[in-house]
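As a plain string of letters, each chain reads:
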Amino acid sequence: QVHLVESGGGLVQPGGSLRLSCVASGFSSRNYAMSWYRQPPGKERELVAAITTTGGTTNYADSVKGRFSISRDNAKNTVYLQMNSLKPDDTAVYYCNAKGAYVPVLGRNYWGQGTQVTVSS
């Protein structure tokens, strides 16, 4: 059975840091592009950061560039999101996403259940 399980969320003060982890099970994430999305309260889900299968290319939303860093460890089937200099606007539920990048997994799309990040003093 396929699962993506996020962890590492919580309450942090403005300017603080958190590291989110997403562990994949039931499939090998090495053939999947991995991304982090977030959904702030009352808003739509938005892409935060993405990383290619080998980790060679990363992309970030303008709002998090220079503060967040996405990385992956394919041996551990895990993707990370290091979040520094957190702001109240970063408050959201953060979701992990896996998209199949190669045949035969091309087109497969999996989501985690989300982890809450709250930035507040």
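Model, not experiment: these values are computed from the prediction. (Residues numbered from 1 in each chain as written. Predicted model: local features only at pLDDT ≥ 70, side-chain atom pairs only at ≥ 80, totals over all residues. Heavy atoms only, no water.)

Participant: Is there a simple way to explain the state of the cysteines in this structure?
Facilitator: Two cysteines form a disulfide when their sulfur atoms are joined by a covalent bond. In the structure shown here, the tally under the stated rule is one disulfide. Between the sulfur atoms of Cys22 and its disulfide mate Cys96 the distance is 2.1 Å. Every disulfide takes its handedness from the sign of the S-S torsion; for Cys22 and Cys96 that torsion is -85°, giving left-handed. Of the two residues, Cys22 is situated in strand E3 (residues 18-25) and Cys96 in strand E9 (residues 92-100); the sequence distance between them amounts to 74 residues. One exposure class covers both Cys22 and Cys96, and it is buried. (Disulfide = S-S within 2.5 Å. Helix = DSSP H or I, 4+ residues; strand = E, 2+ residues; numbered from the N terminus. Buried < 20%, exposed > 50% of the residue type's maximum accessible area, 1.4 Å probe, protein only.)

Participant: Can you help me understand the pairing of strand E11 (residues 115-119) in this one?
Facilitator: On any regular strand, side chains alternate: one points to one face of the sheet, the next to the other face. Only one face of E11 is buried: it carries Thr115, Val117 and Val119, and the other face, with Gln116 and Thr118, is open. Both strand E2 (residues 10-12) and E11 contribute to a ladder of three bridges, which runs parallel. Paired with Leu11 across the bridge in E11 is Thr118. With three bridges joining them, E9 and E11 adopt antiparallel strand pairing. By the bridge assignment for E11, Ala92 is matched with Val117. (Pairing = 2+ DSSP bridges.)

Participant: Help me understand the environment of Tyr60, please; the structure alone is not making it clear to me.
Facilitator: When you line up the elements, Tyr60 lands in strand E6 (residues 58-60). Spatially, the C-alpha atom of Tyr60 lies 8.6 Å from that of Ile70, the residues being ten residues apart in sequence. If we ignore the near neighbours within four places in the chain, the residues touching Tyr60 are Val48, Ala49, Lys65, Phe68, Ser69 and Ile70. In this structure the side chain of Tyr60 is engaged in a polar contact, spanning 2.9 Å, whose partner is the backbone nitrogen of Ile70. (Contact = heavy atoms within 4.5 Å. Polar contact = N/O pair within 3.5 Å; in protein donor to acceptor, adjacent residues only side chain to side chain.)

Participant: Can you walk me through the packing of aromatic side chains in this structure?
Facilitator: Any aromatic ring pair is given by two values, namely how distant the centres are and how the planes are angled relative to each other. Taken as a whole, this structure holds four aromatic pairs when the rule is applied. Centre to centre, the rings of Phe27 and Tyr110 are 5.0 Å apart; their planes meet at 50°, and the pair counts as tilted. One end of the pair, Phe27, is in the loop between E3 and strand E4 (32-39); the other, Tyr110, is in strand E10 (residues 109-111), and 83 residues separate them in sequence. The class of Phe27 is buried, set by a relative accessible area of 12%. Here the aromatic residues Phe27, Tyr32 and Tyr110 are joined through ring pairs into a cluster of three or more. Its guanidinium or amino end placed over the ring of Tyr95, Arg45 lies 3.7 Å from that ring's centre, counting from NZ or CZ. (Phe/Tyr/Trp six-rings, centres within 6.5 Å; stacked < 30°, edge-to-face > 60°. Lys NZ or Arg CZ within 6 Å of the ring centre and 35° of its normal.)

Participant: How do you make sense of unusual backbone geometry when you look at a structure like this?
Facilitator: Excluding glycine, a negative phi dihedral is what most residues carry, and trans is how most peptide bonds are arranged. In the segment running from Val103 into Pro104, the intervening peptide bond is cis, with an omega of 5°. Structurally, Pro104 can be placed in the loop between E9 and E10. One non-glycine residue, Asn77, adopts positive backbone phi at about 55°. Considering the arrangement of structural elements, one finds Asn77 in the loop between strand E7 (68-73) and strand E8 (78-83). By relative accessible area, which is 15% here, Asn77 ends up buried.

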